[in-house]
Amino acid sequence: MATRDELRNVAIIAHVDHGKTTLVDAMLRQAGAFHEREVIVDRVLDSMDLEREKGITILAKQAAFHFGDRRLNIVDTPGHADFGGEVERALAMVDGAMLLVDAAEGPRPQTRFVLRKAFEAGLPVVTVVNKVDRPDARIAEVVDETLELFLELEAGDAQFDVPFLFGSAREGWLQLAQPAGTVTGRPAGSSLAPLVDALFDHLPAPAYTEGAPLQALVTNLDASPYLGRLAVCRVVEGTLRRGQTLAWCRRDGTIERAKCVEMLAAEGLERVPVEEARAGELVSVAGIPEITVGETLADPADPKALPVLHVDEPSIAMTIGVNSSPLAGREGSKLTARLLKGRLDAEVLGNVAIRVLPTERSDTFEVQGRGELALAVLVELMRREGFELTVGKPEVLTKTIDGRVYEPVERLSIEVPEEHLGALTQMLAKRKARVERIIHHGTGWVGLEHLVPARGLIGIRSEMLTQTRGTAQVHHAFEAYEPWAGEIRTRTAGSMVADRKGVTTPFALANLAERGTLFVGPGEEVYEGMVVGENSRADEMDVNPTKEKKLTNMRSSTSDELVRLPPWRKLTLEQALEQADETECVEVTPGVVRLRKVVLSQADRSRDRGRERRAAQA
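Residues numbered from 1 in each chain as written. Predicted model: local features only at pLDDT ≥ 70, side-chain atom pairs only at ≥ 80, totals over all residues. Heavy atoms only, no water.

**A short note on the overall build of the chain**
Tallying secondary structure elements over the chain gives 13 helices and 37 strands in all. Looking at the 618 residues of the chain, the share that counts as buried comes to 52%. In the chain, 72% of the contacts between residues at least 6 apart in sequence involve partners at least 24 apart. As presented, the chain carries roughly 28,500 Å² of accessible surface, and 49% of it is formed by carbon and sulfur atoms. (Helix = DSSP H or I, 4+ residues; strand = E, 2+ residues; numbered from the N terminus. Buried < 20%, exposed > 50% of the residue type's maximum accessible area, 1.4 Å probe, protein only. Contact = heavy atoms within 4.5 Å. Areas by Shrake-Rupley, 256 points an atom, 1.4 Å probe, with all protein chains shown as cover.)

**Details of the pairing of strand β26 (residues 404-417)**
Of all the 14 residues making up β26, 11 are buried; the element is thus mostly covered by neighbouring parts of the structure. The sheet contact formed by strand β25 (residues 399-401) and β26 spans 3 bridges and is antiparallel. If you follow Lys399 over to β26, its bridge partner there is Tyr406. What sits between the antiparallel neighbours β25 and β26 is a turn of 2 residues, in which Asp402 has the positive phi angle 55°. Note that β26 and strand β28 (residues 445-453) share 9 bridges and pair antiparallel. Looking at the pairing, Ile414 lines up with Leu448 of β28. (Pairing = 2+ DSSP bridges.)

**What about the sheet that holds strand β13 (residues 245-249)?**
With respect to topology, 8 strands assemble into an open sheet ordered β14-β13-β19-β10-β11-β18-β15-β16, the strand pairing being antiparallel. Edge positions in the open sheet fall to β14 (255-259) and β16 (270-273), since each of these has one partner strand only. With strand direction ignored, the average angle separating the axes of adjacent strands in the sheet is 40°. Bridging between β13 and strand β19 (residues 296-298) involves 3 bridges; their strand directions are antiparallel. (Axes fitted to C-alpha atoms, helices over the stretch in contact; angles between N-to-C directions.)

**Some remarks on the sheet that holds strand β30 (residues 494-498)**
Strands sit in the order β32-β34-β30-β35 across an open sheet of 4 strands; the sheet is mixed. With one partner strand each, in any of the chains shown, β32 (516-518) and β35 (541-543) form the two edges of the open sheet. Within this sheet the neighbouring strands show an average axis-to-axis angle of 30°, counted without direction. Relative to strand β34 (residues 531-535), β30 runs antiparallel, the two sharing 4 bridges.

**Focus: helix α9 (residues 421-430)**
Regarding α9, the residues found buried are Leu421, Leu424, Met427 and Leu428. Taken down its axis, α9 places every buried residue within 130° of arc, on the same side. Away from its buried face, by an angle of more than 90 degrees, α9 presents the exposed residues Gln426, Ala429 and Lys430. Where α9 is buried, its residues contact β26, β28 and α10 (460-467). In the segment just after α9, Lys432 is the residue with positive phi, at about 65°. (Arc of directions from axis to C-beta.)

**Side note on unusual backbone geometry**
Here Lys131, not a glycine, exhibits a phi torsion of approximately 60°, which is positive. When you line up the elements, Lys131 lands in the loop between β6 (125-130) and α5 (139-152). Phi angles above zero are rare outside glycine, and Asp402 is one such case at about 55°. With respect to the secondary-structure elements, Asp402 resides in the loop between β25 and β26. Residue classification places Asp402 among the exposed positions, given a relative accessible area of 78%.

**Things to note about the pairing of β14**
Across 5 bridges, β13 lies against β14 in antiparallel orientation. Paired with Ala247 across the bridge in β14 is Arg257. Hairpin connection between β13 and β14: a loop of 5 residues separates the two successive antiparallel strands, and Gly253 in this loop has a positive phi of roughly 95°.

**Notes on the confidence of the model for the chain**
Taken as a whole, the chain shows an average pLDDT of 83; of its residues, 89% reach a score of 70 or greater. Scored below 50 in pLDDT, residues 34-60 makes 75 contacts in the model with residues more than four places away or belonging to other chains. Residue range residues 79-84 is modelled with pLDDT below 50. Its contacts to residues more than four positions away, or to other chains, number 27 contacts. (pLDDT = per-residue confidence, 0-100.)

**Re the side chain of Glu237**
Tracing the chain through its elements places Glu237 in strand β11 (residues 228-237). For the buried Glu237, which has no salt bridge, the nearest side chain bearing the opposite charge is Arg234, at an N-O separation of 9.1 Å. Only 2.8 Å separates the side chain of Glu237 from the backbone nitrogen of Thr209, close enough to count as a polar contact. (Lys, Arg positive; Asp, Glu negative; His and termini not counted. Salt bridge = Lys/Arg side-chain N within 4 Å of Asp/Glu carboxyl O. Polar contact = N/O pair within 3.5 Å; in protein donor to acceptor, adjacent residues only side chain to side chain.)

**Describing the side chain of Asn323**
Looking at the secondary structure, you find Asn323 in the loop between β20 (316-322) and α7 (337-350). Assessed through its relative accessible area of 11%, Asn323 is described here as buried. Of note is the side chain of Asn323, whose polar atom sits 3.2 Å from the backbone nitrogen of Ser325. A polar side-chain atom of Asn323 sits 3.2 Å from a polar atom in the side chain of Glu587.

**Side note on α5**
When the terminal C-alpha atoms of α5 are compared, their 20 Å separation across 14 residues agrees well with the 20 Å that a helix rising 1.5 Å per residue should span. Looking at α5, one finds that the buried residues are Ile139, Val142, Val143, Thr146, Leu149 and Phe150. Taken around the axis of α5, the buried residues stretch over an arc of 120°, which confines them to a single face. Just downstream of α5 lies Glu154, where phi reads positive at about 60°. (Expected span 1.5 Å × (residues − 1).)

Below, the structure written as structure tokens:
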């Protein structure tokens, strides 16, 4: 097969915060992709506000630059397993990958997840040991750990001939020689040129068949205010030209006529119009408003569809509906079921890891995804767009195989100080966790690996941070489906539920603070059925957070000037989803996150509990 020797398409694989986006920044700077007077923003590929706030990559994005006569397309991939749909799409666009490993932390659990996907796709990987200038860097040990990871993931023999590079992405230098001692500062005359040379020497060039008809795989979607929907394609065979008539091979097997109205290619961080794109190039095609990920653009005279992109099955589901609380409609601008359905349908078109199903109610939909974080990010984005939502508790998706119920099991990896090991092990045992490995680092920290049912991980993060005083580092990735493990009680505390509508008072909250942890402060509006705190006992408790102190003739003139309230816990969206049990849901508005009961009326909830109690006795 013929090859494009001047071109390389490369994905960056790394754990969260190991420096992949910083490395792309440095490569773009040294390639002259920024204008002389351009204001340069750190972490240019983190274009979403949510990505900058969380410090993670959510959407796979692309940048391209010229290094001499050579052209390099860089695809930045998410490091979190919950965004695996984006990972698989990015790997379908490239011919090789670059693995970034922190010189102190070494390969981490999310590195394992994405790297496994790369090896399954048969991609060779160039490894970069980043942050060698950290004072706690342990370069030799990290190299050994990385090679052990390659063996565990069954990397091909040729993978072990690919060299390691060492350096600092923040300082903008890499070298092939392993530093012998402590690294300080940037070596004289150093740059990222060794990395570019290694990518072109050890990663394959895009291959194609001479004279083959056009085939272009749609790997991503984008939008332009002027051109509408853009299909981001990898040209696999042939040549794609602007204005060309195409055969659009759809997911359902049908073939329709379409036209390439406009074609754009990446140049630095911008997209520029191009007349044609040959095999191996990554381009964006406009003019096909309903095209979606995984479909093929082909030659009308000989239309041949490429294999549809495969992604792992969703393992978590939750319901998303319009806001039905008594305080609905006060903050958001998008309140109807029609707008909600349109937004979810638009998300499905661009996100292959998300599925949306109808429910019995016309204003509520079931959304399935890869993990709690992926679903929480979707809700957070919709909240910022002006939606008011009612979000149900996340639940796992099961399968029935040969008459038995199977559930998803996750590989949970934890780094924790040794003094918290006992409490953590006891907590995980209640969630049906099986110990796979315990590693004592000799520095006072212990590494744990467990296999845990996915439903046992719902709500685990906040409890684990409480048990370990905020020191635990937690990561998990999907492992396999296993038989149902039995009942798991993930929450032992009850709820304090407001029994009336009104405004909270310091006097009432001071009394309630003695019974548990508060979620609201003084002067906040509440309604019947809203959860205002966590009860220290397992029972649900109906309370009056709006009660005022009655005045008496015996009151001292200074006795009520100061009420000392303990700090209340303001729930974030992720914390509220973890806190909710089967009878609760989360009210999400642009300004507030509230926890509430599904059934708001105190009388109706009491009647339901009585009915359940009688059924259990019978």
